[in-house]
Amino acid sequence: MLDQLSWKVGGQQGEGVESTGETFAIALNRKGYFVYSFRHFSSRIKGGHSNDKVRVSVHRYRAIVDYTDVLLAFDQETIDLNGSDVRQDGIIIADSKFNPVAPDHARLFSVPLTKIAEDCGSAIMKNMVSLGASACVLGLKPDIFQEVLEERFLRKGQKVVDQNMEAIQKGFDYMKELGGADDNFALTPADGTKHLFMTCNEAVALGALAAGSRIMAAYPITPASEVMEYLIKQLPKVGGAVVQTEDEIAAMTMTIGAAYGGARAFTCTSGPGLALMMEAIGLSGMTETPVVVIDTQRGGPSTGLPTKQEQSDYLAALFGTHGEIPKIVLTPSTPEECFTAVGDAFNLAEKYQCPVIVMTDLQMALNKQTTDVFKLDDIKIDRGLIATEEDLQRENEHDSGEFKRYEFTENGVSRRVFPGTKGGIHHVTGVEHMENGRPFEAPANRKKMMEKRLNKLDDFSLEGAVVRTGDENPDLLIVGIGANVGAIGEAMARLQHDGLKVAHAQLHALLPFPVKELEAAMSGARHVVVVENNATGQVRHLMSHFGVQHDNMSSLLKYDGRPFLPVDIYNYCKGLV
Amino acid sequence: MATVKDFRNDVRPNWCPGCGDFSVQASIQRALANLNKEPHEVAVVSGIGCSGRISGYINSYGFHAVHGRALPTAQGVKLANRDLTVIASGGDGDGFGIGLNHFMHAVRRNMDITYIVMDNHIYGLTKGQHSPTSAHGFVAKTTPQGNIEEALIPTQIALAAGIGFLAQGFSSDVKQLVSLIEQGIAHNGFSLINVFSPCVTYNKTNTYDWFRENIVNLDEKEGYDATNRAMAMQTIIETGGLATGLIYQDDKRPSYQDEIPGYPEKPIAFSNLELDAKAFEKALQQFA
């Protein structure tokens, strides 16, 4: 019996690889298994090798592994490209149609996937046959797929469901005949706990929905588009709208316009789009207009690796705007954290009246994983200081243009008023201005206004900006960010198993940089390793920029487009101590 | 009820004496009063340039955005609060140079906002470079040997992009301009009023007199039919883009707001943002 295993399906892009992987993953997620999936794909629609790797476990893991227990191959190329990942005596299930040839270290099961599917009614059901064969290997009953198939196909009629279930059963039976049922690959039964299964993009979208964001303006880009695709279906149900703009500059300025207009508005993009938004992000900072920007990082620079993992926008996000503005940058790691971080982002943007950038990465954005059920109560809407018509009436304010939108206050935050409110007329400009918003360039006012804006975040510290786990006074402390959380946690467990004292500090915010929290997390550590998916060590650069120091610090960097595997981190750390 | 005076504030424009923009400002204020708008019901969103300062010179809500982006900003404001009268404004460089992309898409998108451009065929605030509407041969600081590019004709582009309300004015003809702005604001959908607004400091070619001699006033043209799109395009071509008056209107096309599914009657800005617990549960079900 296995507590966990790694299953992979591969074939030509467009031949059902993704739906096969998804059906498999959803069915297991519903049984209570923890599932973490990883899609390998390229920037084309049809053709080209793609694969979907799914890790199944009775414990929670948030990383893929470097080996495959069971490989499902729809073509020879899949075996050629992925065969070496299959572990010693691992299983390859391949369609007999192409006379598969497999490496010696693996056990090949040639199953007539296409033939069986044709006998059941249609060749396209070969993925169902393959799922049946997989179920046989894993010691699962074929009926675990029943519910998922009903949801997917019932609108096409019971017959379609039955045909697909028959294909699964036949694949299962054929595999059993071949001797594919193997107790060495059977999964330990799961406890049936209810979870969700989603990407961080979906978690971000749900967070925005729960946080009351009713306007989203965005331009399609990999790997961010799913956020707008999801919300364009959801927002009309709650009286909101998504606008697909002509470019990211329009997306950002429309978001600013909507936020100024009184909505909770946001945009979602990736590196190239973030670069285009920079001038307008400065406008948001200068006019104290609250906006939320989601940046799903991908491989840069330029078009870079648009469908591959990277974490290389941190410096751009922190320092990209010209001039100096207050800004908050949050870096959640998991779907659960994305949901609440987006809720926080809207509250913080409105409380401090500044842009908030929430950064994820491609690995988080696109890969579905087992997720705890979200609670709506975890997101409370707090719109910050707003002057209403009643407030202004009470204060006897008239529409004279004298409302002090940028009133100097103790903490630098002044009241907003939404256009349309009687008594609140004021001017807003990206030009330096006085308290009533009108342009004013005098040195004393300039200095005071700069300090008003830049000091707004003085009292701000995000609770849980650094999450530390592991041993006290460790031999090694691993600093991580974004999707790396899972691989680090797993490497840490293996290192601890080897007898080392190890700790893990995960960064949940980069601006304001959590100096004290990180210093506290690092105290007593003999070595510090900063793990990040970029070539220049951006997080480490930020640590030294903000004065977080350690005598024995090094970087583990990966910038080949692939996510960190636990073994990458384990091997590096083993070599270090 | 608000009067023209209520739309005035005490800010002195930094425009040069004689600048065409003064009349445009006055015409907007007059049109708003004529339409019985209250100052707090209006938001003027402008870009960067001499004319972009206009949002600070009208007593209403005003947002002075970044260069070239008045239109997407204004569309955002309208999305958040559909009850507002939203006017986007700026110059020819702002709207048809750096912002041309947004202009064509705003036309296509057709949100119910009014775009008033002060077109002086030159960059004034940066002190005299040629603009996208400068004619071929036009001499400016960045075209010392004469402009070798052809002028862009805003009305032609607007019509080609599918605009539902297209007008052109001249800042010397305030009576016509007020009427065009009123009609533009009343039009349900995107409206453009491109206004020839001479720069007395840097453009010694396209002067008040030059415009007077060259514009063709459609109000005086017998048989002109502003509902005929082909006639409108032909007229724009024949006049080299110098036709003034109402050039084209299609008042049957629904605006963007009319077409957004589920878009609420009440402004989003003042609506309850709390999500219904049942709706949330339902949304989560999709991921179970």
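The rules behind these values
Residues numbered from 1 in each chain as written. Chains lettered and ligands numbered in written order. Predicted model: local features only at pLDDT ≥ 70, side-chain atom pairs only at ≥ 80, totals over all residues. Helix = DSSP H or I, 4+ residues; strand = E, 2+ residues; numbered from the N terminus. Rg over C-alpha atoms; globule rule 2.2 N^0.38 Å. Contact = placed C-beta atoms within 7 Å. Buried ≥ 20, exposed ≤ 12 C-beta atoms within 10 Å, placed from the backbone. Domains from an automatic or database assignment. Nonpolar A, V, L, I, M, F, W, Y, C, P; charged D, E, K, R; others polar. Pairing = 2+ DSSP bridges. Axes fitted to C-alpha atoms, helices over the stretch in contact; angles between N-to-C directions. Arc of directions from axis to C-beta. pLDDT = per-residue confidence, 0-100.

Undergrad: Could you give an account of the overall build of chain B, naming the residues involved and the relevant values?
TA: Counting its secondary structure elements, chain B contains 10 helices and 10 strands. The C-alpha atoms of chain B give 20 Å as radius of gyration, which agrees with the globular expectation for 288 residues (19 Å, within 12%). With the C-alpha coordinates aligned to their principal axes, the bounding extent of chain B is approximately 70 × 45 × 40 Å. Considering only intrachain contacts with a sequence separation of at least 6, the fraction spanning at least 24 residues in chain B is 69%.

Undergrad: Tell me about the overall build of chain A, and name the residues and values.
TA: Tallying secondary structure elements over chain A gives 19 helices and 21 strands in all. Computed over the C-alpha atoms, the radius of gyration of chain A is 26 Å, within 12% of the 25 Å expected from 2.2 N^0.38 for a compact globule of 577 residues. With the C-alpha coordinates of chain A rotated into their principal frame, the extents come out at 85 × 60 × 40 Å. Looking at chain A as a whole, 58% of its 577 residues qualify as buried. Sequence separation of at least 24 residues holds for 75% of the intrachain contacts in chain A that already meet a minimum separation of 6.

Undergrad: How would you sum up the domain arrangement of chain A? Please name residues and give values.
TA: Taken as a whole, chain A is organised into domain 1 (4-185), domain 2 (198-378) and domain 3 (466-576). Taken together, the contact pairs six residues of domain 1 of chain A with eight residues of domain 3 of chain A.

Undergrad: With reference to specific residues and values, describe the interface of chain B and chain A.
TA: Counting residues at the interface gives 52 residues for chain B, matched by 58 residues for chain A. Of all elements in the fold, only β1 (42-46), β2 (61-64), α2 (70-80), α4 (100-109) and α10 (277-285) of chain B reach the threshold of two or more residues within the side of chain B that touches chain A. It is α2 of chain B that contributes the most residues to the side of chain B that touches chain A, eight residues altogether. In terms of residue class, the side of chain B that touches chain A is made up of 31 nonpolar, 17 polar and four charged.

Undergrad: Any chance you could break down the sheet that holds strand β10 (residues 243-249) of chain B for me, citing the residues and the numbers?
TA: Ordered in space as β15(A)-β2(B)-β1(B)-β3(B)-β4(B)-β8(B)-β7(B)-β10(B)-β9(B), the nine strands form an open sheet in which the pairing is mixed. Looking at which strands have only one partner, the edges of the open sheet turn out to be β15 (427-429) of chain A together with β9 (216-217) of chain B. The strands touched by α2 of chain B are β1, β2, β3 (85-91) and β4 (114-119) of chain B; relative to β3 of chain B, the strand with the most contacts, the crossing angle is about 175 degrees.

Undergrad: Could you give an account of the packing of α2 of chain B against α4 of chain B, with specific residues and numbers?
TA: Residues and elements named next belong to chain B. Two elements in contact, α2 and α4, have axes separated by 8 Å at closest approach and are oriented at 35 degrees. Residues L71, P72 and Q75 of α2 form the contact with α4, whose participating residues are H102, F103, A106 and R109. Of the residues contributing to the contact of α2 with α4, the split by class is four nonpolar, two polar and one charged.

Undergrad: Mind laying out unusual backbone geometry, listing which residues take part and the relevant values?
TA: The omega torsion of the bond from T222 of chain A to P223 of chain A falls at 5 degrees, within 30 degrees of zero and hence cis. For P223 of chain A, the position within the fold is in the loop between β8 (215-218) and α8 (225-234). Positive phi values are uncommon outside glycine, yet N473 of chain A reaches one of about 40 degrees. Residue placement: N473 of chain A occurs in the loop between β16 (466-470) and β17 (476-481). Of note, N36 of chain B is a non-glycine position whose phi angle comes to about 60 degrees, a positive value. With respect to the secondary-structure elements, N36 of chain B resides in the loop between α1 (21-34) and β1. Residue N36 of chain B is classed as exposed on the basis of its C-beta count, with 9 C-beta atoms lying within 10 Å.

Undergrad: Would you mind going over helix α3 (residues 113-120) of chain A in detail, with residue names and values included?
TA: All names here are of chain A. Regarding α3, the residues found buried are L113, I116, A117 and C120. Summarising the axial view, the buried residues of α3 lie within an arc of 100 degrees, below the 170-degree limit, and thus occupy one face. Along its buried surface, α3 packs onto β5 (86-95), β6 (107-111), α4 (126-138) and α6 (158-177).

Undergrad: Would you mind going over the environment of R69 of chain B in detail, with residue names and values included?
TA: Looking at the element boundaries, R69 of chain B is found in the loop between β2 and α2. R69 of chain B gets classed as buried once you count the C-beta atoms within 10 Å, which come to 29. With 21 residues separating them in the primary sequence, R69 of chain B and I48 of chain B have C-alpha atoms 8.6 Å apart. Not counting residues within four places of it along the chain, the set of residues in contact with R69 of chain B comprises I249, T253 and A280 of chain A together with G47, G99 and H102 of chain B.

Undergrad: A description of helix α17 (residues 515-522) of chain A should follow, citing residues and the corresponding values.
TA: Residues and elements named next belong to chain A. Every buried residue of α17 is accounted for by E517, L518, A521 and M522. The buried residues of α17 occupy an angular sector of 130 degrees when projected down its axis, which confines them to one face. The inward-facing, buried residues of α17 contact β16, β17, β18 (502-507) and β20 (527-532). Looking one or two residues beyond α17, the residue adopting positive phi is G524, at roughly 90 degrees.

Undergrad: Residue-level account of the sheet that holds strand β21 (residues 553-557) of chain A, with values.
TA: All names here are of chain A. Spatially, the five strands line up as an open sheet ordered β16-β18-β17-β20-β21, and their pairing is mixed. On the outer flanks of this sheet lie β16 and β21, each paired with one strand and no other. The mean angle between the axes of side-by-side strands here comes to 20 degrees, regardless of whether they run parallel or antiparallel. Pairing between β16 and β18: five bridges, direction antiparallel.

Undergrad: So, the confidence of the model for chain B: which residues are in play, and what are the values?
TA: Caution applies to low-pLDDT parts of the model: their predicted coordinates are not meant to be read in detail. Mean pLDDT over chain B works out to 97, with 100% of the residues at or above the 70 mark. For this predicted complex, the interface score ipTM comes out at 0.98, alongside a pTM of 0.97.

Undergrad: Quick rundown of the environment of S96 of chain A? Include the residues and the values.
TA: All names here are of chain A. Within the secondary structure, S96 sits in the loop between β5 and β6. The partly exposed category is assigned to S96, around which 15 C-beta atoms lie within 10 Å. As a C-alpha pair, S96 and S225 span 129 residues in sequence and 38 Å in three-dimensional space. Beyond its immediate sequence surroundings of up to four residues, S96 is in contact with S110, V111, P112 and K115.

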